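Residues per chain, in single letters:
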Amino acid sequence: MTIAACALIAFSKNLVYSAFSLLGAFAGVAGMMILLGADFLGVIQILVYVGGILVLYLFAVLMTAGISDVKLSNPISSVKIAVPALVVLLILLGKLIYTTKWFVAEETPIASTTSAIGESLLTEYLLPFELISILLLAALVGAVAAARREVK
Amino acid sequence: MIGLQHFLFVGAIVFALGLYTVVTRRNALGILLGTELVLNAAALNMVAFGHFGNKTVEGSIYALFIIVLAAAEAAVALAIGLMIFRNFNTIDANNVDDMRG
C-alpha cells in the first residue's frame, strides 16, 4: 500500500493527486513503524505528517497551482534519464540489502516504548532535544517572516 | 516472518521513488514532496534497524529527530515557495532564474 501510494506520488501527472496520495504513503509508513514495535513513533508520524505537513502541502499546492491547469502546473522533464537511473539505483540497493549479513538480535516481546523514549530524550539526548526546540522556533519565525506580506 | 530485509526493501523503494520525484518534477512543490518521501524512507530504516539491532530506543529517537527536521523544513520551504509564487507568478523551478549570472 505504501509503495503504491509512493508510486502514485512519483508518476502522477497532477500534483493534487500526488499531494493526496502522500496521505497513503505517510499512513503506510506509520503502520510499518507500529509493526516494528515503535508505537509512540507511529502515532507521532500520523500526528505530525498527516495532521500537519500534509495539510500544509495541500494548502500550498492548492494556493499556487490551479487544479485545472495540469500541464502548466506540472510538466515532467528528463524522464528519459531518470527512469534508468531509478532502476539502477533500485537494483544496487536491493543487491546491497540482500547480500549484506545483517546483525539481528533475538526477538523480545514488544513493550511500549513511550516511557523509554521520554527518559532518554531528557537524559542522554538532552542537547539535541534542546537544539531541536530552538530550531523549531527559528523555523516557525522564519516561515512567518518569509510568508507574510510586507506591511507598509 | 517479516525480517529486517523486507523493511529495508520497502525503505529502498520509497527512497528511490522520492529521488525520482525530486529529479523529474519541475514544480517546486513536487520536489518538496519527493524530499518528504526520502526523509520518510530514512526514518523507516532507522526504526527497522533499531528494532532488529540492539534493543534500545535509539532508532526511534533518531526517527523522531528526522520527523521534527522534516516538519521544520516543510514549513520554511513552503513559505519560500509561496513567496516565489507571489513574486514570480510561477512555481516552475526552471523559470526562477533571476540570480543567474
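Residues numbered from 1 in each chain as written. Chains lettered and ligands numbered in written order. Predicted model: local features only at pLDDT ≥ 70, side-chain atom pairs only at ≥ 80, totals over all residues. Heavy atoms only, no water.

1. Focus: the overall build of chain A
Okay, step 1: Assigned secondary structure in chain A consists of seven helices and zero strands.
Okay, step 2: For chain A, the α and β elements follow one another from N to C terminus as α-α-α-α-α-α-α.
Okay, step 3: The buried share of chain A, taken over its 152 residues, is 35%.
Okay, step 4: When contacts within chain A are restricted to residue pairs at least 6 apart in sequence, long-range pairs at least 24 apart make up 57% of them. (Helix = DSSP H or I, 4+ residues; strand = E, 2+ residues; numbered from the N terminus. Buried < 20%, exposed > 50% of the residue type's maximum accessible area, 1.4 Å probe, protein only. Contact = heavy atoms within 4.5 Å.)

2. Some remarks on the overall build of chain B
Okay, step 1: Counting its secondary structure elements, chain B contains three helices and zero strands.
Okay, step 2: What you see in chain B, going N to C, is helices and strands ordered as α-α-α.
Okay, step 3: Expressed as a percentage of the 101 residues in chain B, the buried residues total 54%.
Okay, step 4: Within chain B, contacts between residues separated by at least 24 positions form 56% of all contacts whose residues are at least 6 apart in sequence.

3. Overview of the nonpolar core
Okay, step 1: In this structure, A:Leu36, A:Leu41, A:Tyr57, A:Leu121, B:Leu29, B:Val47 and B:Ile61 are the most contacted members of the largest nonpolar core, which totals 53 residues.
Okay, step 2: Counting only elements with at least two residues in this core, the list comes to helix H2 (15-35), helix H3 (39-64) and helix H6 (114-122) of chain A together with helix H1 (4-24), helix H2 (28-52) and helix H3 (58-88) of chain B.
Okay, step 3: By residue number, the principal contributor to this core is H3(B), which donates 11 residues.
Okay, step 4: Contacts of A:Leu41, omitting those with residues within four sequence positions, involve A:Met33, B:Val47, B:Ser60, B:Ala63 and B:Leu64. (Core = buried A, V, L, I, M, F, W, Y, C linked by side-chain atoms within 4.5 Å.)

4. Here we look at the confidence of the model for chain B
Okay, step 1: A residue-level look at chain B finds 87% of positions with pLDDT of 70 or above and a mean pLDDT of 81.
Okay, step 2: Element-level mean pLDDT values for chain B span from 83 in H1(B) up to 86 in H2(B). (pLDDT = per-residue confidence, 0-100.)

5. Description of the interface of chain B and chain A
Okay, step 1: Contacts between the two partners involve 65 residues from chain B and, on the opposite side, 76 residues from chain A.
Okay, step 2: Interface area, chain B with chain A, both sides summed: about 6400 Å², of which 78% is carbon and sulfur.
Okay, step 3: Sorting the residues of chain B by area buried against chain A places B:Tyr20, B:Arg25 and B:Leu33 first, and these three jointly supply 11% of that buried surface.
Okay, step 4: At the surface where chain B touches chain A, the tally comes to zero salt bridges. (Buried area = accessible area lost by both parts, 1.4 Å probe. Salt bridge = Lys/Arg side-chain N within 4 Å of Asp/Glu carboxyl O.)

6. Remarks on the confidence of the model for chain A
Residues and elements named next belong to chain A.
Okay, step 1: With 75% of its residues at a pLDDT of at least 70, chain A reaches an overall mean of 77.
Okay, step 2: Across chain A, the secondary-structure element scoring lowest on mean pLDDT is helix H4 (residues 70-73), at 47, and the one scoring highest is helix H7 (residues 126-147), at 88.
Okay, step 3: Below a pLDDT of 50 lies the segment residues 67-73, which in the model reaches seven contacts outside its immediate sequence neighbourhood of four places, other chains included.

7. Describing the packing of aromatic side chains
Residue and element names in this part refer to chain A.
Okay, step 1: According to the stated counting rule, one finds three aromatic pairs over all chains in the structure shown.
Okay, step 2: Between Phe26 and Tyr49 the ring centres are 4.3 Å apart and the planes differ by 40°, which places this aromatic pair in the tilted class. Of this pair, Phe26 sits in helix H2 while Tyr49 sits in helix H3, and the two are 23 residues apart along the sequence.
Okay, step 3: Judged by relative accessible area, Phe26 falls into the buried class, the value being 0%. (Phe/Tyr/Trp six-rings, centres within 6.5 Å; stacked < 30°, edge-to-face > 60°.)

8. Overview of H6(A)
Okay, step 1: Among the residues of H6(A), A:Ile117, A:Ser120 and A:Leu121 are the ones counted as buried. One face of H6(A) carries all of its buried residues, which in axial projection span an arc of 105°. Exposed and facing more than 90 degrees away from the buried side of H6(A) are A:Ser115, A:Glu119 and A:Leu122.
Okay, step 2: In this structure, the buried residues of H6(A) make contact with H3 and H7 of chain A together with H3 of chain B. (Arc of directions from axis to C-beta.)

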